[in-house]
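# What the coordinates show
Chain by chain, the residues run as shown.
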Amino acid sequence: MKLIGSKKSRAFRALWMLEELGVEYDHVPSMPHSPEVRQVNPSGKIPTLVVEGAAVTDSTAIMTYLADAHNKYTHPSGTVARARQDALTCAILDEIDGALWTGAKHSFVLPEDRRVPDVKPTAKWEFERATARLQDALQGPYLMGDEMTVPDFVLVHCLGWAKIAGFPDVGDRLEAYFHNARARDGYKRAAALA
């Protein structure tokens, strides 16, 4: 397996899961639209996982594939627990990742003449509402209880991104959750990568 993408992107989520799984992989720390990415993913987006000669794109699709393939950090497909896990993942992507991405696009990603800075306070408000709901729903040390699952990788990455981007604080329970997850050895190994 080869994961293409800088750890300063959503590729970090997949790198972290790979480190938690303890599987062998190669990491190519490329930025979006680099020649290494475009060779396997014409969109130029990162991360891209190359496995068995095929390119798997999107960090959540990559993590879902890895979790299913290794039967870790996920509930079995076809179960109510898996449906709840997938719903939680989608909610985090829609309401938290989406708010962060909106803020980023209108800060530095889009061409300057396409940015609407007035949208950023709304993105921060959406983020704050979504994290408050998650804080109330937190079931244990991780989102679904005692074991990490795919949505934890997404949320912890988003909470770190939010701190860098100056989004609102998330409350004591989510803050403790965030620090607990980042204390994991797999997280530390992924953070130490080039």
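Quick caveat: nothing in here was measured; it's all calculated off a predicted structure.

### Side note on the overall build of the protein
For the protein, the count of helices and strands is eight helices and four strands. Reading the protein from its N terminus to its C terminus gives the helix and strand order β-α-β-α-β-β-α-α-α-α-α-α. For 194 residues, the compact-globule estimate of 2.2 N^0.38 gives 16 Å, and the protein sits close to it at 17 Å. Overall, the protein is about 45 × 40 × 30 Å in size when its C-alpha atoms are taken along their principal axes. Buried residues in the protein amount to 43% of all 194 residues.

### Focus: helix α7 (residues 172–182)
Listed in full, the buried residues belonging to α7 are Leu174, Tyr177, Phe178 and Ala181. Down the axis of α7, the smallest arc covering the buried residues is 100 degrees, so these residues share one side. Looking at the buried side of α7, the elements it contacts are α1 (11–21), α5 (120–137), α6 (150–165) and α8 (185–192).

### So, unusual backbone geometry
Here the amide bond leading from Ile46 into Pro47 is cis, since omega sits at 0 degrees, within 30 degrees of zero. Tracing the backbone through its elements, the reader meets Pro47 in the loop between α2 (35–40) and β3 (48–51). Even without glycine at this site, Glu52 takes up a positive phi of about 50 degrees. Considering the arrangement of structural elements, one finds Glu52 in the loop between β3 and β4 (54–57).

### Here we look at the sheet that holds β3
Two pairing modes exist for strands in a sheet, parallel and antiparallel, and in both the strands are linked by backbone hydrogen bonds. Taken in spatial order, the four strands of this open sheet run β2-β1-β3-β4, and their pairing is mixed. Each edge of the open sheet is held by one strand with a lone partner, namely β2 (26–28) and β4. Within the sheet, the average angular offset between the axes of one strand and its neighbour, ignoring direction, is 20 degrees. Here four bridges tie β3 to β4, and the two strands are oriented antiparallel to one another. Opposite Thr48, over in β4, you have Thr57 as the bridge partner.

### Some details on the nonpolar core
Within the largest apolar cluster, 48 residues are counted, with the highest numbers of intra-cluster contacts made by Trp16, Met17, Ile96, Phe127, Leu155 and Tyr177. Among the elements that take part in this core, α6 stands out by supplying nine residues, more than any other. Excluding its chain neighbours within four sequence positions, the residues that come into contact with Tyr177 are Leu138, Pro141, Tyr142, Leu143, Asp152, Leu155, Val156 and Leu159.

So, how was this worked out
Residues numbered from 1 in each chain as written. Predicted model: local features only at pLDDT ≥ 70, side-chain atom pairs only at ≥ 80, totals over all residues. Heavy atoms only, no water. Helix = DSSP H or I, 4+ residues; strand = E, 2+ residues; numbered from the N terminus. Rg over C-alpha atoms; globule rule 2.2 N^0.38 Å. Buried < 20%, exposed > 50% of the residue type's maximum accessible area, 1.4 Å probe, protein only. Arc of directions from axis to C-beta. Contact = heavy atoms within 4.5 Å. Pairing = 2+ DSSP bridges. Axes fitted to C-alpha atoms, helices over the stretch in contact; angles between N-to-C directions. Core = buried A, V, L, I, M, F, W, Y, C linked by side-chain atoms within 4.5 Å.

Any functional reading would require information beyond the geometric quantities listed.
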